[in-house]
Amino acid sequence: MRLWKTILAAAVLALATGSPTFAARTDLVIGIPLEPPHLDPTAGAAAAIDEVLYANVFEGLTRIGQNGEVLPDLAESWTISDDGKTYTFKLHSGVKFHDGADFSADDVKFSLDRARADNSVNAQKALFAEIDKVEIVDPATVKVTLKNPQGSFLYNMGWGDAVIVSPKSADTNKEKPVGTGPFKFQSWSKGSSITLVKSDHYWGTPASLDKVEFRIVPDAAAYVPALLSGDIQAFPFFDPESLAQVKDDPRFKVVIGSTEGETILSINNKKPPFDKLQVRQAISYALDRKAIIDGASAGLGLPIGSHMSPANKDYVDLTGRYPHDIAKAKELLKEAGLENGFKATLKLPPPGYARLGGEIIASELRDVGINLEIIPVEWAQWLDQVFTKKDYDLTIVSHTEPNDIDIYSRKDYYFNYDNPTFDRVIADLNLTSDEAKRKELLAQAQKILADDAVVGFLYELPKVGVWDAKLQGLWENAPIQANDLTKVKWGE
Amino acid sequence: MTAYLLKRFAIALATLVLASMVVFAVLEILPGDPARLMLGMNASADQVELLRNQMGLNAPLAWRYLHWAGGLLSLDFGRSYTYSVPVLDLVRERLAVSLPLALIALALSTIIAIPVGLFSASRRGRAGDTVAMGAAQLGVAVPNFWFALMLIYVFAVWLRLVPAGGFPGWGAGIWPAAKSLMLPAVALALPQAAILARVTRSALIEVLNEDYIRTARAKGLPYRAVLWRHALRNAMIPVLTILGLQFAFLLAGTIIIENVFYLPGLGRLVFQAITQRDLIVVESVVMLLVAAVIAVNLVVDLSYAVVDPRLRSRQ
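Owing to the predicted nature of the structure, the values given are computational and were not obtained by experimental measurement.

### Some words on the overall build of chain B
Helix and strand counts for chain B stand at 14 helices and zero strands. What you see in chain B, going N to C, is helices and strands ordered as α-α-α-α-α-α-α-α-α-α-α-α-α-α. Across the 315 residues that make up chain B, the buried fraction comes to 35%. By sequence separation, contacts in chain B at least 24 residues apart represent 69% of the contacts at least 6 residues apart.

### A short note on the overall build of chain A
Across its full length, chain A carries twelve helices and 19 strands. Rg of the C-alpha trace for chain A: 25 Å, near the compact-globule value of 23 Å for 492 residues, within the 12% margin. For chain A, the spread of C-alpha atoms along the three principal axes comes to 80 × 75 × 35 Å. Pairs at least 24 residues apart make up 70% of the contacts formed inside chain A by residues separated by at least 6 positions.

### Focus on the confidence of the model for chain A
Averaged over all residues, the pLDDT of chain A is 92; the fraction at 70 or higher stands at 95%. Low pLDDT, under 50, characterises residues 12–22 of chain A; the stretch is placed with six contacts to residues that sit more than four places away or in other chains.

### A word on the sheet that holds strand β4 (residues 75–80) of chain A
Residues and elements named next belong to chain A. Taken together, the four strands give an open sheet; going across it, the order is β4-β5-β7-β6, and neighbouring strands pair in antiparallel fashion. Each having just a single partner strand, β4 and β6 (131–138) make up the two edges of the open sheet. Recorded for the sheet is a direction-independent mean angle of 20 degrees between the axes of neighbouring strands. Two strands pair when backbone bridges link them, and β6 and strand β7 (residues 141–146) are joined in this way by six bridges, in the antiparallel orientation. The residue of β7 that forms the bridge with D138 is T141. Those strands touched by helix α3 (residues 105–116) are β5 (86–91), β6 and β7, and its axis lies near 170 degrees from that of β6.

### Structural notes on the pairing of β5 of chain A
All names here are of chain A. Only one face of β5 is buried: it carries Y87, F89 and L91, and the other face, with T86, T88 and K90, is open. Note that β4 and β5 share five bridges and pair antiparallel. The partner of I80 across the bridge, within β5, is Y87. Connecting β4 to the antiparallel partner β5 that follows it, the hairpin turn spans five residues, and G84 within it adopts a positive phi of roughly 75 degrees.

### As for the interface of chain A and chain B
On the side of chain B, 46 residues touch chain A, which itself brings 43 residues to the contact. At the level of elements, α1 (2–16), β10 (211–216), α5 (223–228) and α10 (379–388) of chain A are the ones that each hand at least two residues to the side of chain A that touches chain B. Residue composition of the side of chain A that touches chain B, grouped by class: 20 nonpolar, 13 polar and ten charged.

### Comments concerning helix α11 (residues 420–431) of chain A
Residues and elements named next belong to chain A. Taking 1.5 Å per residue, twelve residues should reach 16 Å; α11 reaches 17 Å between its end C-alpha atoms and fits that length. For α11, every residue scored as buried is listed here: F422, V425 and L429. For α11, the arc enclosing every buried residue in end-on projection is 60 degrees, short of the 170-degree limit, so these residues lie on one face. Residues of α11 that are buried in the fold lie against α12 (435–451).

### Some words on helix α7 (residues 289–297) of chain A
All names here are of chain A. Along α7, the residues that are buried comprise R289, I292, I293, A296 and S297. Looking down the long axis of α7, one finds its buried residues gathered within 100 degrees of arc, a one-sided arrangement. Summarising the contacts, the buried residues of α7 are in contact with β13 (302–303), α9 (352–366) and β17 (456–468). One or two steps after α7, the chain reaches A298, where phi turns positive at roughly 55 degrees.

### So, the pairing of strand β14 (residues 342–348) of chain A
Residues and elements named next belong to chain A. Strand direction decides the pairing type here: β14 and strand β15 (residues 370–376), joined by seven bridges, are parallel. The residue bridging L348 from the neighbouring strand is P376, located in β15. Between β14 and its parallel partner β15, the chain crosses via α9, and the hand of that crossover is right-handed. Bridge analysis of β14 against strand β16 (residues 394–399) gives two bridges, and the strand direction is parallel. Among the inter-strand pairings, K347 is bridged to a residue of β16, identified as T395.

### So, unusual backbone geometry
Of note, the amide linkage connecting P272 of chain A to P273 of chain A takes the cis form, showing an omega dihedral of 0 degrees. Non-glycine residue D412 of chain A carries a positive phi angle of around 70 degrees. Residue placement: D412 of chain A occurs in the loop between β16 and α11. Even without being a glycine, R160 of chain B presents a positive backbone phi close to 55 degrees. Along the chain, R160 of chain B turns up in the loop between α7 (144–158) and α8 (174–208). Overall, the presence of 17 C-beta atoms within 10 Å leaves R160 of chain B in the partly exposed class.

### Considerations on the packing of helix α5 (residues 87–122) of chain B against helix α10 (residues 223–252) of chain B
What describes two packed helices is the angle between their axes and the distance between those same axes. Residues and elements named next belong to chain B. Contact geometry of α5 with α10 gives a least axis separation of 10 Å together with a crossing angle of 150 degrees. The way α5 lies across α10 gives a crossing that is right-handed. Of α10, the residues touching α5 (which contributes S98, A102, A105, L106, S109, T110, L118 and S122) are L227, L232, L243, Q246, F247, L250 and L251. Per-class residue counts for the contact of α5 with α10 are ten nonpolar, five polar and no charged.

### Let's talk about the environment of S120 of chain B
All names here are of chain B. By secondary structure assignment, the location of S120 is in helix α5. Classification of S120 by C-beta neighbours within 10 Å gives buried; the count is 26. Between the C-alpha atoms of S120 and L181, which are 61 residues apart in sequence, the distance is 30 Å. Apart from the residues lying within four places of it in its own chain, the contact partners of S120 are D129, A132, M133 and R201.

### So, the packing of helix α6 (residues 277–286) of chain A against helix α8 (residues 326–335) of chain A
Residues and elements named next belong to chain A. It is at 8 Å that the axes of α6 and α8 come closest, and there the two elements cross at 165 degrees. Taken together, the axes of α6 and α8 are roughly antiparallel relative to one another. In this structure, the crossing between α6 and α8 has a hand that is left-handed. Taking contact as the criterion, the partners of Q278, V279, Q281, A282, Y285 and A286 in α6 are, on α8, I326, K328, A329, L332, L333 and E335. Grouping the constituent residues of the contact of α6 with α8 by class yields eight nonpolar, two polar and two charged.

### Observations concerning the environment of V70 of chain A
Residues and elements named next belong to chain A. By secondary structure assignment, the location of V70 is in strand β3 (residues 70–72). The exposure class assigned to V70 is partly exposed, which follows from the 16 C-beta atoms found within 10 Å. Placed 86 residues apart in sequence, V70 and N156 show a C-alpha to C-alpha distance of 9.3 Å.

The rules behind these values
Residues numbered from 1 in each chain as written. Chains lettered and ligands numbered in written order. Predicted model: local features only at pLDDT ≥ 70, side-chain atom pairs only at ≥ 80, totals over all residues. Helix = DSSP H or I, 4+ residues; strand = E, 2+ residues; numbered from the N terminus. Buried ≥ 20, exposed ≤ 12 C-beta atoms within 10 Å, placed from the backbone. Contact = placed C-beta atoms within 7 Å. Rg over C-alpha atoms; globule rule 2.2 N^0.38 Å. pLDDT = per-residue confidence, 0-100. Pairing = 2+ DSSP bridges. Axes fitted to C-alpha atoms, helices over the stretch in contact; angles between N-to-C directions. Nonpolar A, V, L, I, M, F, W, Y, C, P; charged D, E, K, R; others polar. Expected span 1.5 Å × (residues − 1). Arc of directions from axis to C-beta. Right-handed = clockwise from strand over helix to strand, strands pointing away. Left-handed = near helix turned anticlockwise from the far one by under 90°. Parallel < 35°, antiparallel > 145°, perpendicular 65-115°, else oblique.

Laid out in structure tokens, this is it:
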């Protein structure tokens, strides 16, 4: 028995001496739920790519700040011609890529031309559609001429898909990304983690952290133990359902911010009976947004009445347009000749907001006589059947791209919505750079969508971040899906 | 014996060919387009088409099958659509986690199960047997992700003896890597041990009722010797069968445990490849697993002959 105890004690000691102690920390381990398929932000739509590389490894002419504002980045300043068609960018000098190559106007021209080329597989190619030509004035000056004035051009150039790459490394960025940012890529252990280290030759304010590891944690059940054990110090995109376990723990900070994710009950506007306005309005009246937010998002997230984030400066509050009113919904269905209700399908992609929200919505619509059959689908299936083939009645999805109200004017988009008045507003908006006029047009656009009850507007997806209480500088909001680490440091 | 072996190999080969066709066909009908998945919701249909062409997805079905199957013959497993690296490299990285994990779990499960089975069978119906089999019943019933989480809370969060998850890679040293595999191995081994203990017990009980056991006892052999030399050896066939099945399961069916411990194992590679429609990875990894299962079955079949000489002479 004595022997056993000795062996056990020795074993415990041997195991325990593995954990190091920290002085002033300069390292950070961040948990992310999905692994990026590759590491080139200019060649894929996966948010996970930007979550690792945006602002850290790659930089663009402009960049988006944590409140959605446009900031100068590789371009230190710019001038816009009076007709709004010519942008002249003055570039920072002394900038180097991580492989030692000098950054100059050539790289800007190369990157923009590559993104808009015929054979480009840039996932946001539309951002570059208005560019007519890119000219090099001198090594530190680039002139971009647009086909038409475009109010959102500077914002567009701040997307992860518009970062500047070097012609030397453009083809190998997927495996070994080379940018100009404050961090450089060190290693990628597939399925496990991606490590960045501080770049020694950064042109701007150097980062405080020396080493950052992005660890892939696919299961939300593992978030809490990973934080509690200290293995991972930050989850910028935490699971709202697990918040109860950490929210009263003084060792952690829980930060609730905004995103650009409009979570909506998408409706196939051409498929009977959803082609009738009364039916779509009836659905809007039947929805109880508060119950949906409570059930699908742990009570977090702001209700929306149209396709715009409440955090956006051009937001108009239209949540009162369709209050939760079962009698009104039934009346509208009766007007549409459907007083006995009808059956439809609801296809739900994997995220929690869709699967949990779908159950609640199905029960709410049942109260007005609409019986939904719930069909869970994978993302690949959703993209194929719902998004591409438009083979659906209703579905729930969060549109996470910023400033994307124009999707309702896109031809052949999966909503099957077609309203020439709305299209004209968006066309005008695209040609307008005057802030006041843009605000007015955006208000009109929001109102038309609400009046037409194009989809069921639910709520803005919250950004729930949990990290070590001593950690400072992580983004509170997510105007774009990114983890900007340029200002992150450890405090006392 | 040679005829027996030849027949076994022929069956294995036919199974492989058939499996390759089924795997390929099933993944073909699966809805979803890897190109659209990569480009997301804002890309135009033309762009998706362009990427499909670049990925070689627009080639005729038969040509793609023959190209892939032909590659397999020369051990060329193709390149991943999403990662754009050779599939074999991906598999090798993942096997560095999954193979040791499966072997440790299997060893643990055997070390626990065989003695428990022996103990229970020899004390059939008595208190010890009831307790042991009750525990085994619990082991089968408890969901392994829950058990895994409990292990994490005790050994990683509370005692801080091992990391809560993740895998530092063998490059970080044998000890740190092995440490990160400990809890997953225990979480995997326990339910397997519970099943194996029950199988061992019932196989032994059946054998212990045989006439030759009574004869062995009657000629004066001690009970212990009878149990180990005569009974256990004859009870080995069902035990080996289960062990073979368990190994195949542990190699790739451990996705839940890999997720809870965020280990970069083979199960997660396949799962991720399916969600991303990285068909070439799914197809090739599934084929490798089919080959592994067939190989394990072959080994199990051959080991029957080792433990039971009658099977040898019959051939």
